[in-house]
Amino acid sequence: MAEWWRDAIVYQIYPRSFADANGDGVGDLRGITARLDYLADLGVDALWLGPVFASPQVDHGYDVADYRAIDPLFGTLADMDVLIAAAHARGIRVTLDFVPNHTSDQHPWFRTAVEAGRGSPERARYHFRDGRGPGGNRPPSNWCAVFGGSSWTRVTEPDGSPGQWYYHLFAAEQPDLNWANPEVLAEFCDVLRFWLDRGVDGFRIDVADGLIKDPAFPDTPDGSPIIPKGADSPVHEVYRAFRRVLDAYPGDRIGVIETGADDEIVALFLRPGEMHLAFSFRFVHAGPDAASLREAVTRTLAANAPVGASATWVTDNHDTTRSVTRYGSLTKLVGAYIPGERRTKVVTAPDLAAGARRARAVALLLLAVPGAAFLYQGQELGLPNVDDLPESLLQDPIWERSGHTVRGRDGCRIPMPWAGDRPPFGFSASPRTWLPMPDSWAGLTVEAEAADLSSMLTLYRDALRLRREHRALGRGALRWDEAASPDVLAFDLATADETVRVVANFGTTPVTLPAGELLVASVPLEEGRLPRDAAAWVRRRS
Ligand code: GLC
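Please read all numbers here as calculations on a predicted model, not as lab measurements.

J.: Any details on the environment of Ser-329? Residues and values, ideally.
T.: The residue Ser-329 is located in helix H10 (residues 323–329) in this model. Of note is the side chain of Ser-329, whose polar atom sits 2.6 Å from the backbone oxygen of Thr-325.

J.: An account of the pairing of strand E17 (residues 488–494) is needed here, citing residue identities and associated values.
T.: A large share of E17 lies buried, amounting to 6 of its 7 residues. Of the pairings in the sheet, the one linking strand E16 (residues 477–480) to E17 comprises 4 bridges and is antiparallel in character. Bridge pairing in E17 links Ala-477 to Ala-494. Linking two consecutive strands that pair antiparallel, namely E17 and strand E18 (residues 499–505), is a turn of 4 residues.

J.: Describe the site of the ligand, and please don't skip the residues or the numbers.
T.: Not every one of the 14 residues close to the ligand is listed here, only the nearest: Asp-59, Arg-204, Asp-206, His-318 and Asp-319. Asp-59 is positioned with one of its side-chain polar atoms (N or O) 2.6 Å from an oxygen atom of the ligand. Side-chain polar atom of Glu-258 to an oxygen atom of the ligand: 3.1 Å apart, as the coordinates give it. Here the ligand loses 95% of its free accessible area of 300 Å² to cover by the protein chains.

J.: Which residues make up the sheet that holds strand E9 (residues 202–205), and what are the values?
T.: Taking strand neighbours across the sheet as the criterion, the 8 strands line up as E11-E10-E9-E5-E2-E1-E15-E12 in an open arrangement whose pairing is parallel. Whereas interior strands pair on both sides, the edge strands pair on one side only; in this sheet they are strand E11 (277–278) and strand E12 (312–314). Pairing of strand E10 (residues 254–257) with E11, which is carried by 2 bridges, proceeds in the parallel orientation. Considered in E11, the bridge of Ile-257 is made with Ala-278.

J.: Tell me what's going on with the sheet that holds strand E20 (residues 516–521), and back it up with residues and numbers.
T.: Taking strand neighbours across the sheet as the criterion, the 5 strands line up as E16-E17-E18-E22-E20 in an open arrangement whose pairing is antiparallel. What marks the edges here is a single partner per strand, and that holds for E16 and E20. Between one strand and the next, the sheet's axes are offset by a mean angle of 25°, whatever the strand orientation. Here E17 pairs with E18 via 7 bridges, running antiparallel.

J.: Summarise the layout of surface pockets; cite the residues concerned and give the values.
T.: Looking at the largest pocket, its volume works out to about 780 Å³. Lining the largest pocket are 32 residues, and of these Val-146, Phe-170, Val-207, Glu-258 and Gly-260 lie nearest its centre. Residues belonging to the lining of the largest pocket are distributed by class as follows: 12 nonpolar, 11 polar and 9 charged. Counting contributing residues, the lining of the largest pocket receives three or more from each of domain 1 (4–101 + 181–450) and domain 2 (108–167).

J.: Describe unusual backbone geometry, naming the residues involved and giving the relevant values.
T.: Note that the residue after Gly-287, namely Pro-288, is joined by a cis bond; omega there is 15°. Along the chain, the position of Pro-288 falls in the loop between helix H8 (282–285) and helix H9 (290–304). In this structure, the amide linkage connecting Pro-423 to the following residue, Pro-424, adopts the cis form with an omega of 5°. Among the structural elements, Pro-424 can be located in the loop between helix H12 (397–401) and helix H13 (446–450). A positive phi is found at His-60, a non-glycine position, where the angle reads about 50°. Judged by relative accessible area, which is 5%, His-60 ranks as buried. Located in the positive-phi region is His-404, a residue other than glycine, with phi close to 60°.

J.: Could you give an account of the pattern of salt bridges, naming the residues involved and the relevant values?
T.: A full pass over the atoms with the stated rule returns 39 salt bridges. For the salt bridge of Arg-358 with Asp-533, the shortest nitrogen-to-oxygen distance reads 3.1 Å. Of the two residues, Arg-358 sits in helix H11 (residues 352–366) while Asp-533 sits in the loop between strand E21 (529–530) and strand E22 (534–540), which places them 175 residues apart along the sequence. In this pair, the class of Arg-358 matches that of Asp-533, namely buried. One salt bridge in this structure joins Asp-421 and Arg-422, with 3.8 Å as the shortest N-O distance. Taking relative accessible area as the criterion, Asp-421 reaches 54% and is therefore assigned exposed.

J.: Break down the side chain of Asp-97 for me, citing the residues and quoting the values.
T.: In this fold, Asp-97 is placed in strand E5 (residues 93–98). Classification of Asp-97 by relative accessible area gives buried; the value is 0%. In this structure the side chain of Asp-97 is engaged in a polar contact, spanning 2.9 Å, whose partner is the side chain of Trp-48. Ignoring any residue separated from it by four or fewer positions in sequence, one finds Asp-97 in contact with Trp-48, Leu-49, Gly-50, Pro-51, Phe-53, Tyr-62, Arg-204 and Asp-206.

J.: Before we move on, can you summarise the packing of aromatic side chains with the specific residues and values?
T.: The tally for this structure, following the rule as stated, stands at 29 aromatic pairs. On the basis of an interplanar angle of 70° and a centroid distance of 5.7 Å, the ring pair of Phe-98 and Phe-188 is categorised as edge-to-face. Taken together, the residues Phe-98 in strand E5 and Phe-188 in helix H5 (residues 182–197) connect sequence positions 90 residues apart. Judged by relative accessible area, which is 2%, Phe-98 ranks as buried. Relative to Phe-242, the ring of Tyr-239 has its centre 5.4 Å away and its plane inclined at 90°; by these criteria the two rings are edge-to-face. With Tyr-239 and Phe-242 both in helix H6 (residues 235–247) and 3 residues apart, the pair spans about one turn of that helix. Neither Tyr-239 nor Phe-242 differs from the other in exposure class; each is buried. Three or more aromatic residues link up through ring pairs in this structure, and these residues are Tyr-67, Phe-98, Trp-179, Phe-188, Phe-203, Tyr-239, Phe-242 and Phe-269. Between the NZ or CZ atom of Arg-123 and the centre of the ring of Phe-128, over which it lies, the distance is 4.6 Å.

Parameters and conventions
Residues numbered from 1 in each chain as written. Predicted model: local features only at pLDDT ≥ 70, side-chain atom pairs only at ≥ 80, totals over all residues. Heavy atoms only, no water. Helix = DSSP H or I, 4+ residues; strand = E, 2+ residues; numbered from the N terminus. Polar contact = N/O pair within 3.5 Å; in protein donor to acceptor, adjacent residues only side chain to side chain. Buried < 20%, exposed > 50% of the residue type's maximum accessible area, 1.4 Å probe, protein only. Pairing = 2+ DSSP bridges. Near = heavy atom within 4 Å. Areas by Shrake-Rupley, 256 points an atom, 1.4 Å probe, with all protein chains shown as cover. Axes fitted to C-alpha atoms, helices over the stretch in contact; angles between N-to-C directions. 1 Å grid on protein atoms, 1.4 Å probe; cavity = no way out; pocket = protein on both sides within 12 Å on 5 of 7 lines; lining within 4 Å. Points joined across faces, edges and corners; volume = space filled by probe spheres on them. Nonpolar A, V, L, I, M, F, W, Y, C, P; charged D, E, K, R; others polar. Domains from an automatic or database assignment. Salt bridge = Lys/Arg side-chain N within 4 Å of Asp/Glu carboxyl O. Contact = heavy atoms within 4.5 Å. Phe/Tyr/Trp six-rings, centres within 6.5 Å; stacked < 30°, edge-to-face > 60°. Lys NZ or Arg CZ within 6 Å of the ring centre and 35° of its normal.

Quick look at the structure:
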């Protein structure tokens, strides 16, 4: 199948939290393999597995100590081989997380760099610099780390004296590699080949745009790093090299760019000869309201068009508050009229019922707009974020690094509820899961939702089946209905054979749907009309 990825549905597995086969309270590879039938029934084309490589787990696997080994927490290389074969047997491709920006501080390269001392070729694989001030006791620049604090950490030299500093965009345990060093590129191309040889179908590339930094590390007004962007940035040479590696293998192996950069910068990574897909995070930041969702769609499509790239839609992932909670807490209509503003932002405890209803509507947009879509495990169950974890149980390094001011991302990483009426809901044989599961999830298990025709899971299953049956969905040419009212999104998706109209109503007045066959609606119609916070697909009569 040519260019399978252009409209693929990719299911993101957060391995710690998907399914635990060995009963230690943490998900693992054999757990994933045991649940592949669920994913085949759901109807996904591919999996993306979060990092399962040997790691001290400071950032839950995004600190890799050995890129060619599976962490014992998750299993063995043999378990991975079985997983890949079992997924392929079900027609599901497997993509892995690839973390090239930084290694773990326990990676042999970093350990030998510290031991080898100043000016050594080992240190040249990372960014080591002398400090400023007397005795070099101040960091080389004012750049700040994403997880809080300085981006520089000082090492002790082999002779015991206070030493150089090394740069880390994230935690101190995640030293950044020096991608201007050809040895680094050669090694990572080899890592790609290692997994491609084992049959993986591609990679999601972590912090993909961040690999190259200004080597002078000059101070900046707000401490943010200088990362060369633009068409001529040397970072694109890296992706052209990765592409050559992927293209040397049969079967359309892919690279997916993770970056939060502007659309036009993102599109540069999708030029011919570079990578295949890049997340558009615009749905993560949008509404849900008609204006911001429409802007998300139009801006992404417009940026991708000149390079002939497909869009990659996403509402949820392991770094973001789950959409049911986001959509339940964003904005509230206020009764009073405020001049120039129809809505005011009121941050209240989330209304999860409203959030789930809006998430159903957005799901029908996500699965309709042209391009690939990534679904984060549990999104298909409508799981909310868990924001009341006791502080003593928080695991995300952000909590510590921010001096206990930012709780971090644990709330979207709670283990999957599979079955039963109490934690751990079939996730594990152990009652002690690495993050606790709420008692209130009994109605959100796969088992409960599979039996409920009105559940989020049933909506996702129906929508994914319809998407396979109607090629206009996810693939047709998109044309907006400019006559729709401002609170309504309406567009046609057309192929040579059929046209599907997508309507999403974020206003308060029910909307009349066009004539045709109603394929699916996110909630039951009311007197034949689409109520507020709802969406529908209608196959139009031609
Ligand atoms: C990416 C990952 C995130 C991780 C960070 C550092 O943003 O998605 O989970 O913490 O990179 O590797």
